[in-house]
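A structural walkthrough
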Amino acid sequence: MLVEDERQQDDVPAVRDAPMSPRRLSRLLSGGEAEVQLPTPAPVAVRVEQAWNDYQGGRLGSVIAALPALLQTAQELEERAARRGEDRSDCWAVSARTHHLAATTLAEIGESDIS
């Protein structure tokens with residue numbers, strides 16, 4: 001296990017909670033299709049690749065700090081893919097890359113139960 005410092009563990013609960021965000025759950029449960037501003041995949045892909053670079057550089061604390069927002073954005077890209085057809089495959093690709101980063105990072109720090 002490669003760990004920068006013990007403080008990085010402080011962000012793990014936020015990563016654990018990201019898939020269960022109240023906003024996401026309320027949309028899923030209510031089926032609400034309220035118009036929201038959804039992200040486009042290109043800028044998110046850049047942020048995800050920056051986080052992968054941090055991971056490969058051993059900056060796990062930075063990755064863990066970024067993961068909650070990245071996971072939320074990945075969920076929004078999934079919603080965009082469900083609503084629009086023109087960039088559906090790009091949305092799913094960025095979401096998959098984000099979730100792969102989350103699983104890899106969490107396994108690296110011993111949080112395999114949520115990876």
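Residues numbered from 1 in each chain as written. Predicted model: local features only at pLDDT ≥ 70, side-chain atom pairs only at ≥ 80, totals over all residues. Heavy atoms only, no water.

A separate point is the confidence of the model for the protein chain. In regions of low pLDDT, the predicted coordinates are not meant to be interpreted in detail. Per-residue pLDDT for the protein chain has a mean of 81; in total, 68% of the residues score no lower than 70. When the elements of the protein chain are averaged for pLDDT, helix H2 (residues 22-30) gives the smallest value, 53, and helix H3 (residues 41-56) the largest, 98. (pLDDT = per-residue confidence, 0-100. Helix = DSSP H or I, 4+ residues; strand = E, 2+ residues; numbered from the N terminus.)

So, on to the environment of Leu77. Examined against the element boundaries, Leu77 turns out to sit in helix H4 (residues 60-83). Of the residues examined, Leu77 reaches a relative accessible area of 0% and is grouped as buried. For the pair Leu77 and Ala93, spaced 16 residues apart in sequence, the C-alpha to C-alpha distance is 9.6 Å. Discounting residues that sit within four places of it in the chain, Leu77 has contacts with Pro39, Thr40, Pro41, Val44, Cys91 and Val94. (Buried < 20%, exposed > 50% of the residue type's maximum accessible area, 1.4 Å probe, protein only. Contact = heavy atoms within 4.5 Å.)

Taking 1.5 Å of rise per residue, 16 residues should cover 22 Å, and H3 covers 22 Å from first to last C-alpha, within 8% of that figure. The elements touched by buried residues of H3 are H4 and helix H5 (88-108). Count one or two residues on from H3 and you reach Gly58, which has phi positive near 80°. (Expected span 1.5 Å × (residues − 1).)

Here H5 is 21 residues long and its end C-alpha atoms lie 30 Å apart, about the 30 Å a rise of 1.5 Å per residue gives. Among all positions of H5, only Cys91, Val94, Ser95, Thr98, Leu101, Ala102, Thr105 and Leu106 are buried. Taken down its axis, H5 places every buried residue within 120° of arc, on the same side. (Arc of directions from axis to C-beta.)

This part covers the packing of H3 against H4. One way to put it is that H3 packs onto H4 with a least axis distance of 10 Å and a crossing angle of 155°. Regarding the angle of H3 to H4, the classification is roughly antiparallel. The chirality of how H3 crosses H4 is left-handed. Here H3 contributes Pro41, Val44, Arg47, Val48, Ala51, Asp54 and Tyr55 to the contact with H4, which in turn contributes Leu60, Ser62, Val63, Ala69, Leu70, Thr73, Leu77 and Arg80. Its residues placed into classes, the contact of H3 with H4 shows ten nonpolar, two polar and three charged. (Axes fitted to C-alpha atoms, helices over the stretch in contact; angles between N-to-C directions. Parallel < 35°, antiparallel > 145°, perpendicular 65-115°, else oblique. Left-handed = near helix turned anticlockwise from the far one by under 90°. Nonpolar A, V, L, I, M, F, W, Y, C, P; charged D, E, K, R; others polar.)

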